[in-house]
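# Observations on the model geometry
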Amino acid sequence: MLNYTTGELTFLDGSRLWAHMPAVEVNERLAAARDRDWALLPRPVAGGEITPVCLLRDGALCGVWLYASQPGAKAEKQRAFLLKRLQLRDPCPDTLGCFRVQCPFGEVDVSTDPYTGQAAALIRYRV
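Residues numbered from 1 in each chain as written. Predicted model: local features only at pLDDT ≥ 70, side-chain atom pairs only at ≥ 80, totals over all residues. Heavy atoms only, no water.

## A look at the pairing of strand β5 (residues 48-57)
Burial analysis of β5 places 7 of its 10 residues in the buried class, the great majority of the element. Relative to β5, strand β3 (residues 36-39) runs antiparallel, the two being bridged by 4 bridges. In the strand pairing of β5, aspartate 37 is matched with leucine 55. Alignment of strand β4 (residues 43-45) against β5, held across 3 bridges, turns out to be antiparallel. Bridge pairing links arginine 43 to isoleucine 50 in β5. Remark: 2 residues form the turn of the hairpin made by β4 and β5, two consecutive strands paired antiparallel; glycine 47 in that turn has positive phi of roughly 85 degrees. (Buried < 20%, exposed > 50% of the residue type's maximum accessible area, 1.4 Å probe, protein only. Helix = DSSP H or I, 4+ residues; strand = E, 2+ residues; numbered from the N terminus. Pairing = 2+ DSSP bridges.)

## With respect to the packing of aromatic side chains
On inspection of all chains with the given rule, the structure shows 2 aromatic pairs. For the ring pair tryptophan 65 and tyrosine 67, a centre distance of 5.9 Å and an interplane angle of 20 degrees mean the geometry is stacked. Among the residues examined, tyrosine 67 registers a relative accessible area of 28% and is labelled partly exposed. Ring geometry for phenylalanine 105 against tyrosine 125: centres 5.7 Å apart, planes inclined by 55 degrees, an arrangement best described as tilted. Pair noted here: phenylalanine 105 is in the loop between β7 (99-103) and β8 (106-112) and tyrosine 125 is in strand β9 (residues 119-125), with a separation of 20 residues, a long-range link. Overall, the relative accessible area of 7% leaves phenylalanine 105 in the buried class. (Phe/Tyr/Trp six-rings, centres within 6.5 Å; stacked < 30°, edge-to-face > 60°.)

## Thoughts on the pairing of β9
The element β9 is largely enclosed, with a buried count of 6 among its 7 residues. By the bridge criterion, 5 bridges tie strand β6 (residues 60-68) to β9 in an arrangement that is antiparallel. Bridge pairing in β9 links valine 64 to isoleucine 123. Across 7 bridges, the pairing between β8 and β9 is antiparallel.

## Side note on unusual backbone geometry
One non-glycine residue, aspartate 58, lies in positive phi territory at about 55 degrees. Residue position: aspartate 58 is located in the loop between β5 and β6.

## Considering the side chain of threonine 112
If you trace the backbone, threonine 112 turns up in strand β8. The class for threonine 112 is buried, based on a relative accessible area of 9%. One polar contact links threonine 112 to arginine 79, side chain to side chain, over a distance of 2.9 Å. Leaving out residues up to four positions away in the same chain, threonine 112 has contacts with Ala75, Arg79, Leu96, Gly117, Gln118 and Ala119. (Polar contact = N/O pair within 3.5 Å; in protein donor to acceptor, adjacent residues only side chain to side chain. Contact = heavy atoms within 4.5 Å.)

Take it as geometry only, folks, not as evidence of what the structure does.
Structure follows, in structure tokens:
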């Protein structure tokens, strides 16, 4: 799903997101968008779905939030599902703490909301 060299995200339906992708390629309605966030419909991945929220700056993709789309699942299950898709090992499974992974394209920040249990990963691309 995530290429750790380029930062490209590939989903089972063939859709892709990549570093500095032009806004119009994310969604046709974003042709004039320069700075905004855009939630996409959940995308299929092995074992379920992940909802991407695209972060657009200066008309290009600068980052993507990935949310585990498992309504009602406990925080541990959502986090494990998301980390498995990202091929990451959880350094703090007991506390569900935040952590960061440095990559050639930028970084991946993983967090779990302590109130809702929602697991998320922020993929940030270097300028």
